[in-house]
Amino acid sequence: MVQCSASLDGSFAALSDQTRRGILERLGRGEASISDLAAKFEMSLTGIKKHVSILEEAGLLTTVKVGRVRSCKLGPRRLHDESAWISAYQQMLAERLDHLETFLERTKGNE
Amino acid sequence: MTNSAIGAPARALLSTPGDRDFRLERVFNAKRERVWKAMTEPELIAQWWGRGNRLVIERFEFERGGHWRFVEHTEHGAHGFEGRYREIVPMERIVSSFEWDGMPAHVAIQTMTLEQLADGRTKLVSTALFHTAAERDGMMHSGMEGGANQSYEALDRVLAALG
């Protein structure tokens, strides 16, 4: 469970960036090369490679080199992490209800 | 009822009936009307739903079929959550789909039920049901591919007939 949370934290960090979320969204529709992604997000190859390697470390993306082209696709983590996602969902919901409880206490007598 | 003292908010009771669903109960020290308002008025939702993070309510079409989209803004970035309302029974029940941007199309169906208790407190029961990969994979092996092939064959026949 601790391991699950740690890996999910990795996912959250990887997904905290708009470009990285955009890359995953793009790969959800099919594979793309580094240069395709650089063109789409109007970034340098170096800039895109940095994002790709963060996503790759988080297991959210994998790359394969075919000839001179490095092709990116969605990684294995998305499927295997569902149990982690479910426990993260539970934790988030419990936190939300904690905050709802605090809110209800704070606004007591306002009406 | 719970065995906690009246007036002391009860902690969540959490049980996991299965791998892909769970149930969470909470008793709030407030009347049902107040809890319902806090859950259904955007300016109130914004004060607690974000778990202490700034919350931007991008869409809130609170009606059956309506789309909701809430985004939590943290120092590490933004996390978007969204879904559609499946059922709304005023003061009683909200059923909606729930997705996180980070796991697109991994949809949970969540149900929130409110019950007014005799002592003036309100019990909230929250359940969620997840559609899992295992279930989807099961479907893949139980003829969905065959079904797709049949459809393609039918399409081939139509195209052939069109010449």
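Residues numbered from 1 in each chain as written. Chains lettered and ligands numbered in written order. Predicted model: local features only at pLDDT ≥ 70, side-chain atom pairs only at ≥ 80, totals over all residues.

J.: How would you summarise the environment of V35(B) if you had to cite specific residues and measurements?
T.: By secondary structure assignment, the location of V35(B) is in helix α1 (residues 32-40). Using a count of 24 C-beta atoms within 10 Å as the deciding quantity, one classes V35(B) as buried. The sequence separation of V35(B) and L124(B) amounts to 89 residues, and the corresponding C-alpha distance is 9.0 Å. Apart from residues no more than four positions distant in its own chain, V35(B) is found in contact with L104(A), F28(B), A30(B), L114(B), T122(B) and L124(B). (Helix = DSSP H or I, 4+ residues; strand = E, 2+ residues; numbered from the N terminus. Buried ≥ 20, exposed ≤ 12 C-beta atoms within 10 Å, placed from the backbone. Contact = placed C-beta atoms within 7 Å.)

J.: Describe the pairing of strand β3 (residues 69-74) of chain A, naming the residues involved and giving the relevant values.
T.: Put simply, side chains in a regular strand alternate between the two faces of the sheet. Residues and elements named next belong to chain A. Note: strand β1 (residues 32-33) against β3, 2 bridges, orientation antiparallel. Note that in β3 the partner of A32 across the bridge is C72. When strand β2 (residues 61-66) meets β3, the two strands line up antiparallel, connected through 6 bridges. Looking at β3, one finds that T63 is bridged to C72. What sits between β2 and β3 in their antiparallel hairpin is a turn of 2 residues, with G67 showing a positive phi close to 65°. (Pairing = 2+ DSSP bridges.)

J.: I'd like a rundown of the nonpolar core, residues and numbers included.
T.: Formed by 26 residues in total, the largest nonpolar core has its most connected members in Y89(A), L100(A), L104(A), F28(B), V35(B) and A38(B). Ranked by residue count, the leading element in this core is helix α6 (residues 82-106) of chain A, at 9 residues. With residues up to four places along the chain from it excluded, the contact list for A38(B) reads L100(A), F103(A), L104(A), L44(B) and W48(B). Ranked by size, the runner-up nonpolar core spans 11 residues in total, among them L37(A), L55(A), A58(A) and C72(A). (Core = buried A, V, L, I, M, F, W, Y, C linked by C-beta atoms within 7 Å.)

J.: Give a detailed account of the sheet that holds β1(A), specifying residues and quantitative values.
T.: Residues and elements named next belong to chain A. Spatially, 3 strands are ordered β1-β3-β2 in an open sheet, and the strand pairing comes out antiparallel. This sheet does not close on itself; its edge strands, each paired only once, are β1 and β2. Against the sheet, helix α2 (residues 18-27) engages β1, β2 and β3, with an angle of about 90° to β3. Sitting on the sheet, helix α4 (residues 45-57) is in contact with β2 and β3, with an inclination near 120° to β2. (Axes fitted to C-alpha atoms, helices over the stretch in contact; angles between N-to-C directions.)

J.: Quick rundown of α4(A)? Include the residues and the values.
T.: An α-helical turn contains 3.6 residues, so a residue and the one three or four places further along point in the same direction. Residue and element names in this part refer to chain A. Helix length check: α4 (13 residues) gives 18 Å between terminal C-alpha atoms against 18 Å at 1.5 Å per residue, within 8%. If you check which residues of α4 are buried, you get I48, V52 and L55. Down the axis, α4 shows its buried residues gathered within 60° of arc, on one side only. Seen from the open side of α4, the exposed residues pointing more than 90 degrees away from its buried face are T46 and S53. In the stretch just after α4, G59 is the one whose phi turns positive, near 80°. (Expected span 1.5 Å × (residues − 1). Arc of directions from axis to C-beta.)

J.: I'd like a description of unusual backbone geometry, backed by residues and values.
T.: Its identity as a non-glycine residue notwithstanding, E42(A) has a phi of 50°, on the positive side. Inspection of the secondary structure assignment puts E42(A) in the loop between α3 (34-40) and α4. Look at E42(A) and you get exposed, because 9 C-beta atoms sit within 10 Å. The phi dihedral of R51(B) is positive, around 55°, even though this residue is not glycine. Checked against the element boundaries, R51(B) lands in the loop between α2 (42-45) and β3 (54-60).

J.: Describe the packing of α2(A) against α4(A), and please don't skip the residues or the numbers.
T.: Think of two packed helices as two axes; the pair is described by the angle between the axes and how far apart they sit. Residues and elements named next belong to chain A. Contact pair α2 / α4: the axes reach a minimum separation of 10 Å and the direction vectors enclose 70°. For the element pair α2 / α4, the angle class is roughly perpendicular. Each of T19, R20, I23 and L24 in α2 lies in contact with α4, whose residues at this interface are H51, I54 and L55. (Parallel < 35°, antiparallel > 145°, perpendicular 65-115°, else oblique.)

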